[in-house]
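Results of the structural survey
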Amino acid sequence: MLSVTVGLGSRTYPIHIGEGSFADASLYLPHLPQRRVAIVTNDVVGPMYLDPLQRALEAAGVEVLPVVVPDGEANKNWQTLNRIFDALLGARCERKTTLIALGGGVVGDITGFAAATYLRGVRYIQVPTTLLAQVDSSVGGKTAINHPLGKNMIGAFHQPVAVIADTAVLDTLPARELSAGLAEVIKYGLIMDAPFFQWLEENMERLMARHRAAMAEAVKRCCECKAAVVAVDERETGPRAMLNLGHTFGHAIEAGLGFGTWLHGEAVGTGMVLAARASRELGHLEEADVRRIERLVARAGLPVTAPRFGLDRWIDLMGHDKKVEGGKLRFILLERIGAAYLDDSVSRDVLERVLAARAAHA
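This one's a predicted model, so the numbers in the text were calculated from it and none came from an experiment. (Residues numbered from 1 in each chain as written. Predicted model: local features only at pLDDT ≥ 70, side-chain atom pairs only at ≥ 80, totals over all residues. Heavy atoms only, no water.)

Examining the packing of helix 5 (residues 175–192) against helix 9 (residues 264–281)
Between helix 5 and helix 9, the shortest axis-to-axis distance is 7 Å and the interhelical angle comes to 40 degrees. In this view, helix 5 runs oblique relative to helix 9, as classed from their interaxial angle. Crossing angle aside, the handedness with which helix 5 passes helix 9 is left-handed. On helix 9, the residues touching Arg176, Ala180, Ala183, Glu184, Ile186, Lys187 and Leu190 of helix 5 are His264, Gly265, Glu266, Val268, Gly269 and Met272. Residue composition of the contact of helix 5 with helix 9, by class: 6 nonpolar, 3 polar and 4 charged. (Axes fitted to C-alpha atoms, helices over the stretch in contact; angles between N-to-C directions. Helix = DSSP H or I, 4+ residues; strand = E, 2+ residues; numbered from the N terminus. Parallel < 35°, antiparallel > 145°, perpendicular 65-115°, else oblique. Left-handed = near helix turned anticlockwise from the far one by under 90°. Contact = heavy atoms within 4.5 Å. Nonpolar A, V, L, I, M, F, W, Y, C, P; charged D, E, K, R; others polar.)

Some details on the packing of aromatic side chains
This model, assessed by the stated rule, comprises 7 aromatic pairs. Seen in terms of ring centroids, Phe309 and Trp314 are 5.1 Å apart; in terms of plane orientation they differ by 55 degrees. Their pairing is tilted. Each member of the pair Phe309 and Trp314 is classed as buried. Here the aromatic cluster, defined as three or more aromatic residues joined through ring pairs, consists of Phe249, Phe309, Trp314 and Phe331. In this structure, Lys187 packs its charged tip against the face of Tyr188, placed 4.7 Å from the ring centre. (Phe/Tyr/Trp six-rings, centres within 6.5 Å; stacked < 30°, edge-to-face > 60°. Buried < 20%, exposed > 50% of the residue type's maximum accessible area, 1.4 Å probe, protein only. Lys NZ or Arg CZ within 6 Å of the ring centre and 35° of its normal.)

Some thoughts on the pattern of salt bridges
One pass over the full model with this rule turns up 28 salt bridges. Here Glu73 and Lys151 are joined by a salt bridge, their closest N and O atoms 2.5 Å apart. Of this pair, Glu73 sits in the loop between strand 4 (63–69) and helix 2 (78–90) while Lys151 sits in strand 8 (residues 150–157); the two residues are 78 residues apart in sequence, bridging distant segments of the chain. For the pair Glu73 and Lys151, one class covers both residues: buried. The residue Glu266 makes a salt bridge to Arg176 at a minimum N-O spacing of 2.7 Å. Taken together, the positions of Glu266 in helix 9 and Arg176 in helix 5 put the pair 90 residues apart, joining distant regions of the chain. Under the relative-accessibility criterion, Arg176 is labelled partly exposed at 43%. Several salt bridges share partner residues, and in doing so they unite Glu73, Lys76, Asp109, Lys151 and Glu254 into one network. (Salt bridge = Lys/Arg side-chain N within 4 Å of Asp/Glu carboxyl O.)

Focus on the packing of helix 6 (residues 194–208) against helix 7 (residues 212–232)
With their axes 10 Å apart at the nearest point, helix 6 and helix 7 run at an angle of 150 degrees to one another. One way to sum up the angle between helix 6 and helix 7 is to call them roughly antiparallel. Viewed along their axes, helix 6 and helix 7 form a crossing whose handedness is left-handed. When helix 6 is examined against helix 7, the residues Pro195, Phe196, Trp199, Arg206 and Leu207 are found in contact with a partner set consisting of Ala214, Met215, Glu217, Ala218, Arg221 and Cys222. In terms of residue class, the contact of helix 6 with helix 7 is made up of 8 nonpolar, no polar and 3 charged.

Details of the side chain of Asn152
On the secondary structure map, Asn152 appears in strand 8. Relative accessible area serves as the criterion here: at 17%, Asn152 is assigned to the buried category. Side chain to side chain, Asn152 and Lys76 meet in a polar contact 2.6 Å long. Once residues lying within four places of it in the same chain are set aside, the contact partners of Asn152 are Lys76, Asp109, Ala144, Ile145, Asn146 and Lys322. (Polar contact = N/O pair within 3.5 Å; in protein donor to acceptor, adjacent residues only side chain to side chain.)

As for the nonpolar core
Residues Leu131, Val185, Ile186, Leu190, Phe249, Ile293 and Trp314 are the most contacted members of the largest nonpolar core, which totals 82 residues. Here the element with the most residues in this core is helix 7; it accounts for 10 residues. Sequence-distant contacts of Phe249, that is, excluding residues within four places in its chain, are made with Gly271, Leu274, Ala275, Trp314, Met318, Phe331, Leu351 and Leu355. Counting 22 residues, the second-largest nonpolar core is a separate cluster that includes Ala25, Val45, Leu50 and Val127. (Core = buried A, V, L, I, M, F, W, Y, C linked by side-chain atoms within 4.5 Å.)

In structure tokens form, the structure reads like this:
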């Protein structure tokens, strides 16, 4: 079992990384002020993992309320959130009831938001079952639902009390979801860890083949990176914004195509390629580095060519990004592989050239 700590003073919490950990009741019990939990999962993950987790907790004397919601980004909305509230209120769940988010990023985000707002705040544990959630969305306390005009625009910062990342569950992950998670893995190498980016270039085929040791190493490295950033900038007032590399373009793709058409990681993968091209246009990255990034994203099974929305539509979609300030678009770009920065001076001409470019990784 590997462990990473997110250091936030009195709200410090562990990330446990290991095979078979999701149904280990001993990892949950220290974080339950009351032997009662509500496990929120979806109708895809639930049939695989809800029963063994519920049985393990009940065997340890914990009362379990299962709450099953519809799968998919399109259901990350008020209606699904209210289904969770209905279940909690119907079962008379109290402030000492702990929520458990058993699923991918959508389940984690919406359960976290429910925990942040139910009875003005209850505890929750993240049990991420996708690679994307294990390396990124389950860590750091960003919770949200979507609005038709923008992704994750309604939410709260609310830290979990623990994250339990079972790398064995990744064996059942669909190939498309695995690739989506690898986008966020690549992101960490690009923004803050050039040696890790090189490690990914050397190990991408092992990750695509779900090699257990390689996958555990990737999850650990990413969690260490994110924990370090969250510890110094919990509410994204400074360096935490760097974690959004590719996301301004990516969220625009998701909203423009309709939430759920492209997976979040697919949109971020393309968004990182676009951010690399913009960085090159602005005189930072070398063309060879842009090609390295594009090749690695493609090797991860991710798209590298953006949808054709038209420049005005792109700008409108990106205008709903949370990083917009004073009406100006702000992008996370790259000074070099391993170093990111925030730029609010990207011109229409640069955007037009970046968005018109086609894939050149072959």
